[in-house]
Protein chains: 2
Amino acid sequence: MPYDPSEYPSFAVTVDLVVLTVRRHALCALLVRRGEDPYRGQWALPGGFVRADEDLESAAARELAEETGLRTQDAGSWHAGAHLEQLATYGEPGRDPRMRVVSVAHLVLAPDLPSPTAGGDAGSAQWRSASELLGGAGGGTDEGLAFDHARILADGVERARSKIEYSSLAAAFCPPEFTVGELRRVYEAVWGVSLDPRNFHRKVTGTPGFLVPVGGTTTRQGGRPAQLFRAGGASALNPPMLRPEG
Amino acid sequence: MPYDPSEYPSFAVTVDLVVLTVRRHALCALLVRRGEDPYRGQWALPGGFVRADEDLESAAARELAEETGLRTQDAGSWHAGAHLEQLATYGEPGRDPRMRVVSVAHLVLAPDLPSPTAGGDAGSAQWRSASELLGGAGGGTDEGLAFDHARILADGVERARSKIEYSSLAAAFCPPEFTVGELRRVYEAVWGVSLDPRNFHRKVTGTPGFLVPVGGTTTRQGGRPAQLFRAGGASALNPPMLRPEG
DNA sequence: TGAATAGTGTCTGTCAGACAATATGGG
DNA sequence: CCCATATTGTCTGACAGACACTATTCA
């Protein structure tokens, strides 16, 4: 029995990206200014249509590369690339005024980047503090993001906050080699709290497989030189890092 | 600038359901036999096409009601309904031989049901043990599920296993009122382990907001009568229930 | 020397795992 | 009485939070 195309409705499918990084001790998200008609001129999450022969994750990686120049290391490999995972799918009938669009949102965790945007033209992309975007009232400081992107961003930030609790994913915000203090500042920025440096050090160095000491090398950031580590193979963190006030 | 429909490819969007329950001390998933052409006669997850004016979650709830008669209590409300949440989205180009289909999988946790299927005809649906379906070799005992449903099922089971760890969601597998022992048997079935009844009792009754004692009522299941509880408002469980051997 | 950060050690309260003991129903 | 399950209590080891103290570098 062949299938009648009129049997089922037709959808457009997009990928939207919640790209997070830690800059100047704050969790920041990447926004782009829309140059096209729905919500033209407003800020939005990067993203675009999925092509006809393209995997969802490939589409997300392609959009990420096009809009930021970032490469992702797909599976199990560590560093020299951003972490990418599927976040959730948003398909409310009215979310795009043009037509029925289902958006598969993805979450990207990246180390701090030198230029705000390597791929797009300047002024059309920027890092914005997550607390500023999600903060006070329900909308944000400016007119709010295009489409339902404010909600997608909130979901992405919440996913990142909860995921570093029980996984070693916080290292995705750090360069390939980092110190315990740098990792701690990632947790502090993402959670918006202060952590005791002594207890944090004891916890992360005492969890087997979490941190691997790179050659006794050191670096500076102020005081006494610190050991350099890279992320270990352990992706699950047990017992989890406990978020204070939880 | 109006949009040219040829600019973006057209997709069909479906919802697939991973419906889990606990029967006879085993985690079971609901399967339906396909009556239509791709994979006709094979077992598959329940699901269907999303309608043109329908929310994704509404589509999932509708398919669930059509195929099982189960009602879901959407948000924040407890009991007399199954728990439904979005799981993940699968959109590999070749996953459906007919055309490009993106499937938004949902996870449903339901208490044990009297009849295998209330909605469909007999013999076209059945509960199958999850460990049997996912067990030994990569495929399962029979020829395997249609489409990529084996992977979706595996993702759903893994989500359920990890989610009852840090949420009170295990109560979704229980009837509205249940005993501590019944709840423990849910954990044991989903995780496939044995838990110490004494320590489990201390843990769940000691977590504020997790269990609310219903009138001093009791029931039986063998030995001394047990107190009846219903799920409390607390959805997050902190500190989490620790899965043994982790 | 003083400021700043890194790293180690100690103390204490909480909690999970092991398990003894008691309570209460059915056969 | 015997058996099964529920429920309470005790003990112990692991670990998080608080915090004193030492180490090492730069200005």
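For the structure itself, consult the block above.
Cut-offs applied
Residues numbered from 1 in each chain as written. Chains lettered and ligands numbered in written order. Predicted model: local features only at pLDDT ≥ 70, side-chain atom pairs only at ≥ 80, totals over all residues. Heavy atoms only, no water. Near = heavy atom within 4 Å. Polar contact = N/O pair within 3.5 Å; in protein donor to acceptor, adjacent residues only side chain to side chain. Helix = DSSP H or I, 4+ residues; strand = E, 2+ residues; numbered from the N terminus. Nonpolar A, V, L, I, M, F, W, Y, C, P; charged D, E, K, R; others polar. 1 Å grid on protein atoms, 1.4 Å probe; cavity = no way out; pocket = protein on both sides within 12 Å on 5 of 7 lines; lining within 4 Å. Points joined across faces, edges and corners; volume = space filled by probe spheres on them. Phe/Tyr/Trp six-rings, centres within 6.5 Å; stacked < 30°, edge-to-face > 60°. Buried < 20%, exposed > 50% of the residue type's maximum accessible area, 1.4 Å probe, protein only. Expected span 1.5 Å × (residues − 1). Contact = heavy atoms within 4.5 Å. Buried area = accessible area lost by both parts, 1.4 Å probe. Salt bridge = Lys/Arg side-chain N within 4 Å of Asp/Glu carboxyl O. Axes fitted to C-alpha atoms, helices over the stretch in contact; angles between N-to-C directions. Parallel < 35°, antiparallel > 145°, perpendicular 65-115°, else oblique.

Moving on: the protein's contact with DNA strand C. Not every one of the 18 residues close to DNA strand C is listed here, only the nearest: Arg198(A), Gln227(A), Arg198(B), Arg202(B) and Lys203(B). Each atom of DNA strand C within 4 Å of the protein was assigned to sugar, phosphate or base; sugar and phosphate come to 51%. Here His201(A) contributes a side-chain N or O atom positioned 3.4 Å from a phosphate oxygen of DNA strand C. Gly223(A) is positioned such that a nitrogen or oxygen atom in its backbone is 3.4 Å from a sugar or linking oxygen of DNA strand C. For the surface near DNA strand C, the secondary-structure elements that each account for two or more residues are helix H4 (180–191), helix H5 (197–206) and strand E9 (226–231) of chain A together with helix H5 (197–206) of chain B. Among the elements that line the surface near DNA strand C, the one with the most residues is H5(B), at four residues. By residue class, the composition of the surface near DNA strand C is four nonpolar, five polar and nine charged.

Bringing the layout of surface pockets into the picture now. Residue and element names in this part refer to chain A. By volume, the second largest pocket is sized at about 690 Å³. Arg 34, Glu 36, Gly 47, Gly 48 and Glu 67 are the residues nearest the centre of the second largest pocket, which is lined by 34 residues in total. Those elements giving two or more residues to the lining of the second largest pocket turn out to be strand E1 (12–23), strand E2 (26–33), strand E4 (47–49), helix H1 (56–68) and strand E6 (101–109). Among the residues forming the lining of the second largest pocket, the class breakdown is 13 nonpolar, eight polar and 13 charged.

Let us now look at the packing of aromatic side chains. Under the defined criterion, the tally for this structure stands at nine aromatic pairs over all chains. Relative to Phe49(B), the ring of Tyr8(A) lies with its centre 5.1 Å away and its plane at 15 degrees, an arrangement referred to as stacked. Residue Tyr8(A) is located in the segment before E1, and its partner Phe49(B) is located in strand E4 (residues 47–49); the two belong to separate chains. The exposure class of Phe49(B) is partly exposed, given its relative accessible area of 24%. Linked through ring pairs, Tyr187(A), Trp191(A) and Phe200(A) together constitute an aromatic cluster.

The immediate surroundings of DNA strand D are formed by 19 residues, with Arg198(A), Asn199(A), Lys203(A), Arg198(B) and Gln227(B) found nearest. The contact atoms of DNA strand D, taken as those within 4 Å of the protein, divide so that sugar and phosphate hold 51%. Within the side chain of Arg224(A), one N or O atom sits 3.3 Å away from a base nitrogen of DNA strand D. Contributions of two or more residues to the surface near DNA strand D are made by H5 of chain A together with helix H4 (180–191), H5 and strand E9 (226–231) of chain B. In terms of residue class, the surface near DNA strand D is built from four nonpolar, five polar and ten charged.

Between the first and last C-alpha of helix H3 (residues 149–166) of chain B there are 26 Å, a value that for 18 residues agrees with the 26 Å anticipated at 1.5 Å per step. When H3(B) is considered as a whole, its buried residues turn out to be His149(B), Ile152(B), Leu153(B), Gly156(B), Val157(B), Ala160(B), Ile164(B) and Glu165(B).

Here we take up the interface of chain B and chain A. Facing the 34 residues of chain B at the interface are 35 residues of chain A. The contact between chain B and chain A buries some 2900 Å² in all, and 59% of this surface belongs to carbon and sulfur atoms. Applying the counting criterion to the chain B and chain A interface returns zero salt bridges. Within the residue set of the side of chain B that touches chain A, elements represented by two or more residues are strand E1 (12–23), strand E5 (83–90) and strand E6 (101–109) of chain B. Top element by residues in the side of chain B that touches chain A is E5(B). It accounts for four residues. Classifying every residue of the side of chain B that touches chain A by side-chain character gives 19 nonpolar, six polar and nine charged.

Moving on, we come to the packing of H4(B) against H5(B). Residues and elements named next belong to chain B. Interaxial distance between H4 and H5 falls to 10 Å at its minimum, and their mutual angle equals 105 degrees. By the criterion of interaxial angle, the relationship of H4 to H5 is roughly perpendicular. Contacts from Val 180, Leu 183, Arg 184 and Tyr 187 in H4 reach Pro 197, Phe 200, His 201, Val 204 and Thr 205 in H5.

Our focus in this paragraph is the environment of Met241(B). All names here are of chain B. As for its placement among the helices and strands, Met 241 is situated in the segment after E9. According to the relative accessible area criterion, Met 241 is buried, its value standing at 7%. Measuring from C-alpha to C-alpha, the distance between Met 241 and Val 204 comes to 8.6 Å, with 37 residues separating the pair along the chain. When residues no more than four places from it in sequence are discounted, the contact partners of Met 241 are Ile 164, Glu 165, Tyr 187, Trp 191, Phe 200, Lys 203 and Val 204.

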